[in-house]
Amino acid sequence: MATLTTTPFLPSSKLENSSINLQQSPLFIYKTRRKPKKPHFFVPVARLFGPAIFEASKLQVLFLGVDEKKHPGKLPRTYTLTHSDITSKLTLAISQTINNSQLQGWYNKLQRDEVVAEWKKVKGKMSLHVHCHISGGHFLLDLCAWLRYYIFCKELPVVLKAFVHGDENLLNNYPELQDALVWVYFHSNIQEFNKVECWGPLKDASSPSSNKGNIGNNIWSMPQPCQDNCNCCFPPISLIPWSQNNDNDNGSNNNGNNREEGQALQQHQL
């Protein structure tokens, strides 16, 4: 015969309470399985190949003995721009001559990432002359000359925007300076990178979409100062010492093109 066994019947509410008690009891340890987190790989994207962006909050401007009411065609005006890899901040000195104290120290001499510029009036027309050091001085710069040329070309609109932003009062007082042509001197002991390029008007060259103006088009020629003393050229000599080699070479070999080759730049010290 079959035996009949009975099991006690508990209401559902009591069953729920008993399950809760079991979970809270120290005799029963419940381990919840967590889904393993997918590993996150943080790949640093080098700004080298990203867009060049100007951030006004990272720019420090120093005015050293200049008057924003004075036109640069009457009072010398230069820009000295340096960058700190530690703080990512830019320092712009606006003065009558290059701010040499800003370029001292072994780090600056090793990196040579400064950009210096000066306003010039040649035969009555204003232009901005910007100088970048590509290579020469020590072998590390020579090894990465192509990369340095690429970086300078990529970051130059940011540099020009820093000039415009830092000296905005001058440009507001003399808005015609926005139409001044920008001439960029690349100094190198390698002939391929020792050249001068015209980047077009300042208002276009400082825009983020700037692509080295219209280089290659025969629409601008290097301005040549008068040989004799005159009132239409100012200053009479360059305010940037290490620009003399390129200036002399361009004066004798200017063929009207926007790209001009110069002689190899000798080792120099600012």
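Anyway, here's the lowdown on the structure attached to this text. Worth saying up front: this structure is predicted, and the values here are computed from it rather than measured. (Residues numbered from 1 in each chain as written. Predicted model: local features only at pLDDT ≥ 70, side-chain atom pairs only at ≥ 80, totals over all residues. Heavy atoms only, no water.)

1. With respect to unusual backbone geometry
The cut-off we apply is this: Helix and strand assignments come from DSSP, with helices taken as H or I runs of at least 4 residues and strands as E runs of at least 2, each series counted from the N terminus. Throughout, exposure labels follow a simple rule: accessible area from a 1.4 Å probe, protein chains only, divided by the maximum for the residue type, with under 20% read as buried, over 50% as exposed, and the rest as partly exposed.
The omega torsion of the bond from Phe 234 to Pro 235 falls at -10°, within 30 degrees of zero and hence cis. Mapped onto the elements of the fold, Pro 235 is located in the loop between helix H6 (202-205) and helix H7 (244-253). You will see that Lys 123, though not glycine, has its phi angle at about 50°, which is positive. Tracing the backbone shows Lys 123 in the loop between strand E4 (115-122) and strand E5 (125-133). Among the residues examined, Lys 123 registers a relative accessible area of 52% and is labelled exposed.

2. Focus on the environment of Tyr 185
Put simply, the rule reads: Residues adjacent in sequence count toward polar contacts only when both atoms are side-chain atoms; beyond that, a polar contact is any pair of N or O atoms within 3.5 Å, and within protein one must be able to donate a hydrogen and the other to accept it.
Locating Tyr 185 in the fold gives a position in strand E6 (residues 181-187). On the basis of relative accessible area, Tyr 185 is assigned to the buried category, the value being 2%. Engagement of the side chain of Tyr 185 in a polar contact is seen with the side chain of His 129, the distance being 2.8 Å.

3. What about the nonpolar core?
The cut-off we apply is this: Definition used in this section: a nonpolar core is a set of buried Ala, Val, Leu, Ile, Met, Phe, Trp, Tyr and Cys residues joined via side-chain atoms within 4.5 Å. By the convention used here, residues are in contact when the closest approach between their heavy atoms is within 4.5 Å.
Of all hydrophobic cores here, the largest spans 39 residues; its most connected members are Tyr 79, Trp 119, Leu 128, Val 130, Leu 160, Phe 163 and Val 182. Of all elements in the fold, only strand E2 (78-83), strand E3 (90-95), E4, E5, helix H4 (145-166), helix H5 (168-173), E6 and H6 reach the threshold of two or more residues within this core. Broken down by element, the residue count for this core peaks at 11 residues, all from H4. Ignoring sequence-local partners within four residues, the contact set of Tyr 79 consists of Leu 92, Ala 93, Ile 94, Ile 98, Val 115, Val 116, Ala 117, Trp 119, Leu 128, Phe 163, Asp 167 and Leu 170. Among the nonpolar cores identified, the runner-up in size contains 7 residues, and Leu 181, Trp 183, Val 196 and Met 222 belong to it.

4. Some details on the environment of His 165
When you line up the elements, His 165 lands in helix H4. With relative accessibility at 31%, the residue His 165 sits in the partly exposed group. The sequence separation of His 165 and Phe 54 amounts to 111 residues, and the corresponding C-alpha distance is 9.8 Å. Other than its neighbours up to four places away in sequence, His 165 contacts Phe 54, Ala 56 and Leu 59.

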